[in-house]
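Here are the chains, one letter per residue:
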Amino acid sequence: MKKLERNAKMTVTEMQSRIIEEIQEWKKKRNAILLAHNYQLPEIQDIADVLGDSLSLARATVNTSADVIVFCGVHFMAETAAILNPEKTVLLPDLKAGCSLAVSITADELRAWKAEHPNAVVVAYVNTTAEVKAESDYCCTSSNAVDIVRSIPEDQEILFLPDMFLGSFVKNETGRENMHIWMGECHVHAGIAPDQVEGVLSQHPEAELLVHPECGCSTSGMYLMSEDVLPKNKTHILSTGNMLKHSKNSQAAEFIVATEVGIIHQMQKQNPKKQFIPANPKAVCSFMKMITLEKVLAALKENKHVIEVPAEIAEKAKLSIERMVSVG
Ligand code: 13P
Ligand code: SF4
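Residues numbered from 1 in each chain as written. Chains lettered and ligands numbered in written order. Predicted model: local features only at pLDDT ≥ 70, side-chain atom pairs only at ≥ 80, totals over all residues. Heavy atoms only, no water.

### Describing the nonpolar core
Across soluble globular proteins, nonpolar side chains show a tendency to be buried alongside one another.
So, point 1. In terms of nonpolar packing, the biggest core is built from 99 residues, with Ile 23, Val 170 and Val 296 touching the most fellow members.
So, point 2. Residues Leu 244, Val 257, Ile 263 and Ile 264 belong to the second largest nonpolar core, which totals eleven residues. (Core = buried A, V, L, I, M, F, W, Y, C linked by side-chain atoms within 4.5 Å. Buried < 20%, exposed > 50% of the residue type's maximum accessible area, 1.4 Å probe, protein only.)

What follows is the structure, given as structure tokens:
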């Protein structure tokens, strides 16, 4: 690709505007749609046709008439889009945009776990590879994990994977004893520790606390709520999409945000008079930040990187993903 040269007099904003103009032209030329996750860089969020959490983005892929889906997110998200839409071209602007949680269980490890529990059904978080989804019965995201588990008969043994904090949250919410949880974690969310949250909370005692269920602090958060250390009416364990909805609808003026910090751009944009404080300002997902305006433009111009899933894996994985898309 011919690189856009930045001449000496051009500011970064002017340069970005030129790239954005080109992206818009290429989107029209290719009948493309741009989907972005809530953790993307601000400039990517600002040009997205659809911005959202994993569930809303998966749904957006099936509700579009676009021929090309540019997925500004991470690999498993683009893979899920490709499985749901084999007739569309799904592009991931940087192939290295992976996910530490998705690689915490392989299909072989899952097969071995299933062999230990031959009567169990498998509920896999969407943050998994297509091969793992193909070995699973149900897929879920953070916004419908509780509903998916509730939809499974109570006496049915469940293997829940791969996130241990989300698993504990679901187990606690559903009161389910027959649920085994894989000990995987996301390095970004596991790094948001209970003492950090308590420290920020002591400086902002009036703030509401918004916690993603993947967080290292979510398990202790549930315990602290049950012990009345954290106020139940001011602590909310939510997916990124529901965090955005809640911060819009709440009357509170301050929020402590326990998730990847990229979401704060959107919260602040939607609620300019409210204050959003990260529980841990270092909670940055470097995979999500790999998608830049330059790479989005290159993806559209050069048709890269096309995400395809082998047909036999896609066919098996599709059933569990369709269950996910239909619930919640
Ligand atoms: P959400 O579905 O809540 O957006 O979460 C996706 C994710 O990767 C969290 O780390
Ligand atoms: Fe994966 Fe964690 Fe990044 Fe989400 S924040 S994409 S779970 S590494």
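That was the structure; now back to the text.
### Side note on the site of ligand 2
So, point 1. Within the structure, ligand 2 sits among Tyr 39, Val 74, Cys 99, Ser 100, Asn 127, Cys 186, His 187, His 189, Glu 214, Cys 285 and Met 288.
So, point 2. Classifying every residue of the shell around ligand 2 gives six nonpolar, four polar and one charged. (Near = heavy atom within 4 Å. Nonpolar A, V, L, I, M, F, W, Y, C, P; charged D, E, K, R; others polar.)

### As for the sheet that holds strand β10 (residues 235–237)
So, point 1. Strand order across the open sheet formed by four strands is β10-β9-β11-β12, with parallel pairing between neighbours. Each of the sheet's edge strands pairs with one partner strand only, and the pair in question is β10 and β12 (275–278). Each adjacent strand pair in this sheet contributes to an overall mean axis angle of 20 degrees, direction not counted.
So, point 2. Where strand β11 (residues 254–258) and β12 come together, four bridges link them in parallel fashion. Residue Ile 256 lies in a different strand from β12, and its bridge partner there is Ile 277.
So, point 3. Along the sheet face, helix α13 (residues 263–270) touches β9 (208–211), β11 and β12 and points at about 170 degrees away from the line of β12. (Pairing = 2+ DSSP bridges. Helix = DSSP H or I, 4+ residues; strand = E, 2+ residues; numbered from the N terminus. Axes fitted to C-alpha atoms, helices over the stretch in contact; angles between N-to-C directions. Contact = heavy atoms within 4.5 Å.)

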